[in-house]
Amino acid sequence: MTAAAEREWWRSAVVYQIYPRSFADSDGDGIGDLPGIVDRLDYLHRLGVDVVWLSPVYASPQDDNGYDISDYYAIDPVFGTLDDLDRLIDGLHRRGMKLMLDMVVNHTSDEHPWFVEARDPASPKRDWYWWRPPAADGGPPYNWASVFSGSAWTLDERSGEYYLHLYGAKQPDLNWENPGVRQAMHRMMRWWADRGVDGLRLDAINLIAKADEFADGPTPPGSSYGIPWDLVAYGPRLDQFLAELHREVGFTERKLITVGETAGVTIEQARRLTDPARRELGMVFTFDHLDLDQKAVGAKWDLAEVELPLLKRAFARWQDGLAGVGWNSLYWNNHDQPRVVSRFGDDSAEHRVVSAKTLATVLHLHQGTPYVYQGEELGMTNTAYTEIGHYRDLESLNFYRDGLDRGLSEEALLRSLAGRSRDNARAPMHWDDSPQAGFSDGTPWIGVNPNHVIINALAAEADPDSVFHYYRKLIMLRHAEPVIVHGRFELLLPDHDQLWAFTRTLDQDRLLVIANCSSVPAPLPAEGLPGGTGTTTMISTHGEPEAGQLRPWESAVLRLAPPAPPHQLS
Ligand code: GLC
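Residues numbered from 1 in each chain as written. Predicted model: local features only at pLDDT ≥ 70, side-chain atom pairs only at ≥ 80, totals over all residues. Heavy atoms only, no water.

Focus: the packing of aromatic side chains
Item 1. Going through the model one piece at a time under the given rule, you end up with 35 aromatic pairs.
Item 2. Centroid distance Y385 to Y391: 5.4 Å. Interplanar angle 80°. Geometry classified as edge-to-face. Assigned by exposure class, Y385 and Y391 land together as buried.
Item 3. Clustering of aromatic rings is evident, with ring pairs tying together Y58, Y72, Y73, W114, W128, W191 and W192.
Item 4. When the ring centre of W431 is taken as origin, the NZ or CZ atom of R40, which lies over that ring, is 4.0 Å away.
Item 5. One Lys or Arg, K300, reaches over the ring of W301 and ends 5.1 Å from the middle of that ring. (Phe/Tyr/Trp six-rings, centres within 6.5 Å; stacked < 30°, edge-to-face > 60°. Buried < 20%, exposed > 50% of the residue type's maximum accessible area, 1.4 Å probe, protein only. Lys NZ or Arg CZ within 6 Å of the ring centre and 35° of its normal.)

Below, the structure is given as structure tokens:
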């Protein structure tokens, strides 16, 4: 293996995300924990994933389920102890897997000692956060909206100044312009890497560099708040901060897998962020494909049907955009997104399994590092919550309260929540068909989906045709076939509204991926697909394809015979 290939081992890896609160509860308190994860490592090993990304387990008031950290060096007792984390690292390493921790460094909890200290205007920590005097009317200094509804500025009585929180009021933004903040973060990440952690997922990392000057943001129709995107994201020193972080933590020397969460990233920005020569990040999470089933970008709660040509093109643009320069991450799901089989597939009894497999086929056959979110490998669906009391997520609850204030009907709000709430992903993992799905012996912190009696890991592992075994095969294929990791990508039939087709090519090796992304049969067009004989099916949802059409949600990956050598002139 070349030195670069060894350093960039994560290019052929598959990552599995665990949301610890909802994965496995070992002590019956209704909340998942680290010992629960340790007990399930053989399951992950059987699935074949290489890396586990663990959502935050640090000490936290849990206002945003751990994305509000009050001590970066401690494990929250609800999840276990540092010894448990060491056991997790060890258990993963012994099975040839690695651990990626979630680093929430754009903000802390307001209960972090730094912020407690910073409330005193005379404290040296004051400048570690963003403070501004009130506007002339005593209100917030700027009209900025928080991602979680309401103003992004909250008054602190002690000094009479406002502090910035782009997320919840208990998540004050850190001021990365202050070198003390940056050094504290470098030190903390080195400490975790020294402990055996192999990678970092950098939460909301596009927000750490803000503009030099603040001002009001443009106000969208119907809103009293402005969206100050240009002022809070991708500020002038983002590349500098990331290059410094890379160097000071030793991303390259330690061969860490790193991924930045970068909502709204452009291809040009992502090329800079992920170009190995610039030594910033390994890859970033892009969001274009998740902005398509809503009425406008940023209008997350205004549900709309996705148009397949737009979805395919969103992926293709990123494949072309980063080819030969940076690296893509590939994902349908995470702890912030609804379940893909309900979102872009068909979660009816008839099509759930095949549509989950087909969505996996297209995702995993692109170039990039695929991420699987817990339960996605079972084809888990959105939840069945029907009243506001079923929801737990801060963002969802704020949206609901805000919507009622704005005069929206409860019915419309519940419809948006059913389609979009982050709690769709956060319902407990389905291990078996017992009353709490094998997740907990106590009362789960959030309701279990009743469909766990059918959709669960025990049943899936026992059924060779399950979504689980299909994911396992896709993961094995990626490990075995360099063309899947490195091959050139070409989108076919870009305007077709049922078929998603593309090729991957590495030297003489060429794969055709073809998928019917609809619940009705799709006749194959006479033109636009590579013809010829001598194809081998590498994986498919329905066995051998029928001539002339794909069945509902059928997909296959075919290896095309190499072109015949040119005739020798004698
Ligand atoms: C990221 C996380 C999300 C969290 C937010 C604030 O978007 O993925 O879960 O609420 O950052 O930390």
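So, unusual backbone geometry
Item 1. Although it is not a glycine, K255 adopts a positive phi angle of roughly 55°.
Item 2. Tracing the sequence through the fold places K255 in the loop between α8 (238-249) and β10 (257-261).
Item 3. One non-glycine residue, A437, adopts positive backbone phi at about 60°.
Item 4. We classify A437 as buried; its relative accessible area is 0%. (Helix = DSSP H or I, 4+ residues; strand = E, 2+ residues; numbered from the N terminus.)

Overview of the packing of helix α6 (residues 179-194) against α8
Item 1. The interhelical angle for the contact between α6 and α8, taken along N-to-C directions, is 40°, at an axis separation of 9 Å. One way to sum up the angle between α6 and α8 is to call them oblique. For the crossing formed where α6 meets α8, the hand is right-handed. Taken together, the residues of α8 that come into contact with α6 (itself represented by R182, H186, M189 and R190) are F241, E244, L245, E248 and V249.
Item 2. Taken together, the residues of the contact of α6 with α8 sort by class into 4 nonpolar, 1 polar and 4 charged. (Axes fitted to C-alpha atoms, helices over the stretch in contact; angles between N-to-C directions. Parallel < 35°, antiparallel > 145°, perpendicular 65-115°, else oblique. Left-handed = near helix turned anticlockwise from the far one by under 90°. Contact = heavy atoms within 4.5 Å. Nonpolar A, V, L, I, M, F, W, Y, C, P; charged D, E, K, R; others polar.)

Focus on the sheet that holds strand β20 (residues 555-560)
Item 1. Read from one edge to the other, the open sheet built from 5 strands follows the order β14-β15-β16-β20-β18, with strand pairing classed as antiparallel. In the strand order of this sheet, the two ends are held by β14 (488-492) and β18 (536-540), each with one partner. Adjacent strand axes in the sheet meet at a mean angle of 20°, parallel and antiparallel pairs treated alike.
Item 2. Packing against the sheet, helix α10 (residues 308-322) makes contact with β14 and β15 (499-506), and its axis sits at approximately 15° to β15.
Item 3. Strand contacts of helix α12 (residues 352-364): β15, β16 (509-516) and β20, with the helix running at about 145° to β16, the strand carrying the most contacts. (Pairing = 2+ DSSP bridges.)

Focus on the layout of surface pockets
Item 1. In this structure, the second largest pocket spans a volume of roughly 440 Å³.
Item 2. Along its surface, the second largest pocket is lined by 20 residues, and E305, V306, R343, F344 and G345 are the ones closest to its centre.
Item 3. Taken together, the elements giving at least two residues each to the lining of the second largest pocket come down to α10, α11 (340-343) and α14 (410-420).
Item 4. The residue makeup of the lining of the second largest pocket, split by class, is 10 nonpolar, 5 polar and 5 charged. (1 Å grid on protein atoms, 1.4 Å probe; cavity = no way out; pocket = protein on both sides within 12 Å on 5 of 7 lines; lining within 4 Å. Points joined across faces, edges and corners; volume = space filled by probe spheres on them.)

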